[in-house]
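Results of the structural survey
Residue-level listing of the chains:
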Amino acid sequence: MTAGQSSNLETQLIDAVSADELMDSTRSIAQWVRLSGTEDEAKAFDWIEAKLKGFGLDTHRYAHPGLVSWPESASLELLTADGTEAIPCATHAFAASTPAAGLEGELVAVGTATAENLGKVDLRGKIALIDGIIAPNFNQLVEESGATAAIWIAGGRLHERGLDPIWGTPTPETAHLLPRTPSVSVKAGEGDQIKAALAKGPLRVRLHTVVYQDWRTLPLLTADLKPSGDTPEADLFVMFSGHVDSWYYGAMDNGTANATMIEVARIMAQHRDTRRRGIRFCFWSGHSHARYAGSAWYADNFWHDLYDHCVAHVNVDSVGGNGATILSQGNSMSEVREFVSDAIEQIAGQELAARRFGRSGDQSFWGPGIPAMLMSLSEQPAANADPLLLALHHQISGGAGVGGGLGWWWHTPEDTVDKIDPDFLKRDATIYVLILNRLSSIPVLPFNYAAVVDDLGAVTRAIQEKAGDNLDLSPVTEQIAALRTAVDALNTELTRVRENGSQEQQIAANRGLMRLGRNLIPVDYTNTGQFDHDLAVPTKPMPALQGAVELTTLDPKSAGYQYRRTRLIRERNRIVFGLKEATRAANDTLATLRQA
């Protein structure tokens, strides 16, 4: 396909995106409350599958187990000298239920749930009062303090939250991390009321919570749009994914995302003859109520197919919201940031900011080393956001920015179709159309691993500076330097191949770029390696080496220091090995391109 043909095709694709189709699909999906593993969720899956089959896609429906949870009821009472005072509250998925008679205890104010604040008070056998929206990593700290329960003071509204820190189905190594204590949240006004009562002297409170938690069979739907005709890369595919399950009717989260996937399928099905690679549409359950159980199960059970054939993962979540004017804050790995930014700039005139992927949003495919881009795309301005919800958004998405999250209705009963702007939804869907079109049709994949190498070098230097003489990271820095030399040489050759390379060279370039990602992404993003899933809590770059900083806080003669250092040496070996394999992949690809 020539540049002119490509431009003409993109014009056709952009013109084909229909706000009416998108809104019709959103309304259809948002007619059901889609709790994971329920009959109404299955109806939504049935409806989506029928639409995709109507476009001629090859669908597969899977069923898998998932440990799901959602809140059923909660009450909170202040037991004051003047009598019992009821406080409106809500509990959360995966929090423990109280005994039938309730749980009573002395209330202790903590402030925010930091290790420092929790260490200042004795919470053993008591109930903690916490400032801030509940999150799994904070709840772990509260439980470790010995508190029997917790009351969290959220912002102006209560949002559904899950407390399970385990990514996907628990294993023998992680099952002990399932929450053990009851938790409820109250709005800021009620929080002030509780604090006023506590200021008068010791205060006892009583909680009653009922939280559903059990195993259910969850649906998972894939739909393949395969290239027509004879193309040498027909065995490769781009994965385009989003969850179907929802809190309440979930028109934005995640009805609009499902509608976007359906619209991309509708349009791309009319242009199979222009595809070099396929597109695999993946619809998950268990995102909200089982902590990404669907995508984790798929990664576990199709690991080798993904490793061998998936060129990239594009995720979509909560697009098209009213007031969502910020499109610069989407998550994307460094190697694809410029590529994603080009599509956003073309449609919305905004440049994608440098932002590391947060540990959320069905990102279950870092172990196999698959480049990932996007999750939520459009956000509210930060000025419009509740400060506590904004802080939570920054934690989930991987850092602060000008975006203010997904709207006050996120994870509330108010997430209904009236919260969707048809023009914004069309804008967002058009960006996804461009990204999916380019990933499945351009001759050479648009990955720039020089950006990743720069990131790894900066992170390693920062860790070494903080760790000092406690751990020598020179083997890592030396291998990063060798990798940078190899990647620079490869990029020079890739420029030539992109401009006028043969089909044989283009195919070799793509396989080489895939090899690079398979080795570098686990180094950059995983702590437990390629075949497991890290916890669903915030993470840092090169997480396996971040513990080197903790050595400075330990006595070098202590057992704890030696345990930690031994683990870090082993992780250093894993990191260096991954870097060496990436260097070998770059050099091998370069040699192949020069010989072809």
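Preceding this section is the structure that the text describes.
In this text the structure is predicted, and so the values were computed from the model without any measurement. Residue numbering note: each chain is counted from 1, following its sequence as written. Since the coordinates come from a predicted model, pLDDT governs what is reported: local features require at least 70, and pairs of side-chain atoms require 80 or more to be given and counted, while whole-chain, interface and lining totals use all residues. The side-chain numbers reported here are obtained from all heavy atoms of the structure, hydrogens and water having been left aside.

**Examining the nonpolar core**
- Definition used in this section: a nonpolar core is a set of buried Ala, Val, Leu, Ile, Met, Phe, Trp, Tyr and Cys residues joined via side-chain atoms within 4.5 Å. Between buried and exposed lies partly exposed: a residue is buried under 20% and exposed over 50% of the maximum accessible area for its type, with that area taken using a 1.4 Å probe on protein chains only. In this structure, F240, F281, Y432, I435 and L436 are the most contacted members of the largest nonpolar core, which totals 113 residues.
- Per element, the largest residue contribution to this core is 10 residues, and it comes from helix α7 (residues 251-268).
- Contacts are assigned to residue pairs with any non-hydrogen atoms lying within 4.5 Å of each other. Dropping the residues within four chain positions of it, Y432 is found in contact with F240, T260, V264, V314, N315, V316, V319, L374, M375 and L377.
- I87, L129, V184 and L203 belong to the second largest nonpolar core, which has 19 residues in total. For helices the rule is a DSSP run of H or I covering at least 4 residues; for strands it is a run of E covering at least 2, with both sets numbered from the N terminus onward.

**Focus: the packing of aromatic side chains**
- For Phe, Tyr and Trp, where Trp contributes only its six-membered ring, two rings pair if their centres lie within 6.5 Å, and the inter-plane angle classes them as stacked under 30 degrees, edge-to-face over 60, or tilted in between. By the definition in use, this model includes 16 aromatic pairs.
- Each ring, one from W284 and one from Y298, has its centre 5.6 Å from the other, and the planes form 50°; the classification is tilted. Note that W284 is positioned in strand β10 (residues 278-284) and Y298 in helix α8 (residues 293-301), a separation of 14 residues in sequence. The residues W284 and Y298 share a single accessibility class, namely buried.
- Aromatic pair Y298 and F302: ring centres 4.6 Å apart, planes at 25°, arrangement stacked.
- The rings of Y62, W284, W297, Y298, F302 and F365 are connected pair by pair, giving a single aromatic cluster.
- A ring has a charge above it when a Lys NZ or an Arg CZ is no more than 6 Å from the ring centre and no more than 35 degrees off the ring normal. The aromatic ring of F237 is capped on one face by R280, whose charged end is 4.0 Å from the ring centroid.
- Between R356 and the ring centre of Y525, over which it is positioned, the NZ or CZ distance is 3.8 Å.

**Looking at the environment of V549**
- Here V549 lies in the loop between α15 (503-525) and α16 (559-595).
- Along the chain, V549 and D362 lie 187 residues apart, while their C-alpha atoms are 29 Å from each other.

**Looking at the pairing of strand β9 (residues 237-243)**
- With seven of its seven residues buried, β9 lies for the most part within the structure.
- Along β9, one buried face is formed by F237, M239, S241 and H243 and the opposite face, lined by V238, F240 and G242, is buried too.
- The criterion for strand pairing is that DSSP finds at least two bridges linking the strands in question. Where β9 and β10 come together, seven bridges link them in parallel fashion. Bridge pairing in β10 places H243 opposite W284.

**A short note on α8**
- For α8, a buried count of seven out of nine residues is recorded, marking the element as mostly surrounded by other parts of the structure.
- By the burial criterion, the buried members of α8 are A293, G294, S295, A296, W297, Y298 and A299.
- Buried-residue contacts for α8 involve β1 (58-80), β8 (204-225), β9, β10 and α9 (303-309).

**A word on unusual backbone geometry**
- Here the amide bond leading from D253 into N254 is cis, since omega sits at 25°, within 30 degrees of zero.
- Relative to the elements of secondary structure, N254 occurs in helix α7.
- We note that S318 has phi near 60°; this positive angle belongs to a residue other than glycine.
- Following the sequence through the fold, S318 ends up in the loop between β11 (310-315) and α10 (334-348).
- For D362, which is not glycine, the phi dihedral falls at a positive 55°.
- Secondary-structure assignment places D362 in the loop between α10 and β12 (372-373).

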